[in-house]
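The residues making up each chain are set out below.
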Amino acid sequence: MQGSGEAYHRPDRQTVQELRDIANKLRIHSIQSTSAANSGHPTSCCSAAEIMSVLFFHVMKYRLDKPRDPASDRFIMSKGHAAPILYAAWAEAGLFPVDDLLTLRKNTSILEGHPTPRQNFIDVGTGSLGQGLSISCGMAYNAKYWEKTDYRTYCLIGDGESSEGSVWEACAFGSYYKLDNLVAIFDVNRLGQSQEAPLQHETDIYRRRLEGFGWHVCVLEDGHSVEELCKAFFEASQVKDKPTAIVAKTLKGKGIPGVENELNWHGKPLGDKAAAAIKAISGLINNKGPNALKASSPSQELPVHDISNIKLSSPPDYTLGQKVATRVAYGTGLKKIGENNKYVVAMDGDTKNSTYADTFRKAFPDRFIECFIAEQNLVGVAIGTTTRNRNVAFVSTFACFLSRAYDQIRMGAISETNTNFCGSHAGISIGEDGASQMALEDIAMFRAIPGSTVFYPSDAVSCERAVELAANTKGICFIRSSRPATPVFYSGTEPFEVGKAKVVRQSADDKVTVIGAGITFDEAMKAYDDLAKEGINVRVVDPFTIKPLDKDTILAAAKATGGKVVTVEDHYAHGGIGEAVAGALAAHSGIVIKSLCVREVPRSGTKDFLMDHFGISAKQIKEAVKELLA
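Worth saying up front: this structure is predicted, and the values here are computed from it rather than measured. (Residues numbered from 1 in each chain as written. Predicted model: local features only at pLDDT ≥ 70, side-chain atom pairs only at ≥ 80, totals over all residues. Heavy atoms only, no water.)

**So, the sheet that holds strand 9 (residues 392–398)**
Here's step 1: With respect to topology, 7 strands assemble into an open sheet ordered 8-7-9-10-12-11-17, the strand pairing being mixed. Of all strands in the sheet, those with a lone pairing partner are strand 8 (368–370) and strand 17 (545–547), marking the two edges. When strand polarity is set aside, the average angle formed by the axes of neighbouring strands in this sheet is 20°.
Here's step 2: Pairing geometry for strand 11 (residues 453–455) and strand 12 (residues 477–480), over 3 bridges, is parallel. Looking across to strand 12, one finds that T453 is bridged to C477.
Here's step 3: With respect to the sheet, helix 10 (residues 326–340) is in contact with strand 7 (344–348), strand 9 and strand 10 (420–424), its orientation differing from that of strand 9 by roughly 165°. (Pairing = 2+ DSSP bridges. Helix = DSSP H or I, 4+ residues; strand = E, 2+ residues; numbered from the N terminus. Axes fitted to C-alpha atoms, helices over the stretch in contact; angles between N-to-C directions. Contact = heavy atoms within 4.5 Å.)

**A few points about the layout of surface pockets**
Here's step 1: By volume, the largest pocket amounts to about 630 Å³.
Here's step 2: Lining the largest pocket are 29 residues, and of these V59, K61, R152, Y154 and S237 sit closest to its centre.
Here's step 3: If you list the elements that add at least two residues to the lining of the largest pocket, you get helix 3 (49–59) and helix 8 (226–238).
Here's step 4: With 5 residues, the top contributor of residues to the lining of the largest pocket is helix 8.
Here's step 5: When the residues that make up the lining of the largest pocket are grouped by side-chain class, the tally is 12 nonpolar, 10 polar and 7 charged.
Here's step 6: As a volume, the second largest pocket reaches approximately 410 Å³.
Here's step 7: Counted by class, the lining of the second largest pocket contains 8 nonpolar, 11 polar and 5 charged residues. (1 Å grid on protein atoms, 1.4 Å probe; cavity = no way out; pocket = protein on both sides within 12 Å on 5 of 7 lines; lining within 4 Å. Points joined across faces, edges and corners; volume = space filled by probe spheres on them. Nonpolar A, V, L, I, M, F, W, Y, C, P; charged D, E, K, R; others polar.)

**Here we look at helix 22 (residues 618–629)**
Here's step 1: End to end, helix 22 covers 17 Å across 12 residues, agreeing with the expected 16 Å (1.5 Å per residue, within 8%).
Here's step 2: Of all the residues in helix 22, the buried ones are A618, Q620, I621, K622, A624, V625 and L628.
Here's step 3: Among the structural elements, strand 15 (512–516), helix 18 (519–533), strand 16 (538–542), strand 18 (564–572), strand 19 (592–598) and helix 21 (607–613) are those in contact with the buried residues of helix 22. (Expected span 1.5 Å × (residues − 1). Buried < 20%, exposed > 50% of the residue type's maximum accessible area, 1.4 Å probe, protein only.)

Here it is as structure tokens:
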């Protein structure tokens, strides 16, 4: 083992017994709280009792008066269904009264079935399994490389969830970046929800796999031994240039007579077995009074980071009519806000030369993380770096690949993250690459995320402003960028707001409202010019944000044009601009909407051929307008 050579001092007998007592108190709390709720996962809690006791009362440094103190150690309960024992640890530490544990899962309680940041001691929501280690990697990366501080990150992972590929994406990331301040604890309790976990108690297979991923590994054949756990956590603190995995062989339902190590007890309160279980476990406790062990405080204070009012360092600087791809403008805008705030950070999935996140990387290499082709981990790392308001993160890759990480993004919303996403190469307008690379459901995907903001800039100026606004907007933000170069339409001084559309062409005798964004905004402008030559005036609206949609502006335009509306988008019908507009106008009579969109799986071809073939070009817009007028 690489290390500093500091000698290990075994805890004295009194400390060992106190840690055993706390573990058993945590078991009892877990049983009592799930019994009171008549739901929950007491057996999953009981396997982790000694791990939680040693972590919270011997290893971790944190402050009870500031549970999210930026200098404190981090703990992520990746196996979120074991939330009751996490709540019990905080209660035993003194954060809130132990009696509150009996409100678990009640309507009026903050102690939800799985952890969420509604609780002031929780950084991220967990429970959708396999995500905690990626988030922990982001926290550890932030500590080691950006803050250069000594807080450590601990992540408790269930053996069942280790079947998730995202766990191993995180393992690859952690070793590649030498995150020696990261410890993953695998609670190998053998039993899953419906049957045995794949590897059961084959701890040597875990060891070989984790070592193959470049981790230092401690295998504990008795994961309930507080002495061995104390030694393993000390060993982890001495390892340099590698993260540590502690593989703890445990028993599900440990300490519960007739339930310990038995199938079919996952996610079930103990019912009439609870009283006997509590009596048996209570008999193992020497100190039934207040705990003698208290957590240590962090060794330093960390300043608050100012991540408010982030601005572009200079206004967008383009010539009207100049052709610039919005993906290029994304990189420029990202660099500009990075110049104005040192806590703006970025990460990408090995597409940075296509998403133009490389513009930021070249300017600020120390604030950029290459996460490679592992999109689920990419999203988790980003969420981890933003916890406790330490950074403003921007994630980029091809928009279609973000769908692979949809669950991570969904959980990000539950985690109240402010992470921003840019998906490039959206739609059929990318051309020859073909259907597998064409994001045609991404707007729908991000619109469905609670609290999200969806930007769809139509030129380079509005894209830079979208980056600026996203940096200051709470919740998940998505910026949809395009591959083809399109004309710059707006001046650098044009103001933009979330939820405010632009009426870019209008007259007193407009016959139809045409709504397009991104690449189809350019097509709408071409159609406007052609129709004007034929004496047909149309009103053109650039929505800028698809969520929230500017209902008032769109309704006013629709009414001014006799209730005739054409929407055009480089996206599938479901969940896109057409449906957003239809939803906004649904309560108003006398409005007819014709939606132009991609209605089948596309294919390779040139941009112009595909736009025309799939019905979203200027030609089809003109035809749609004439059909409505007919």
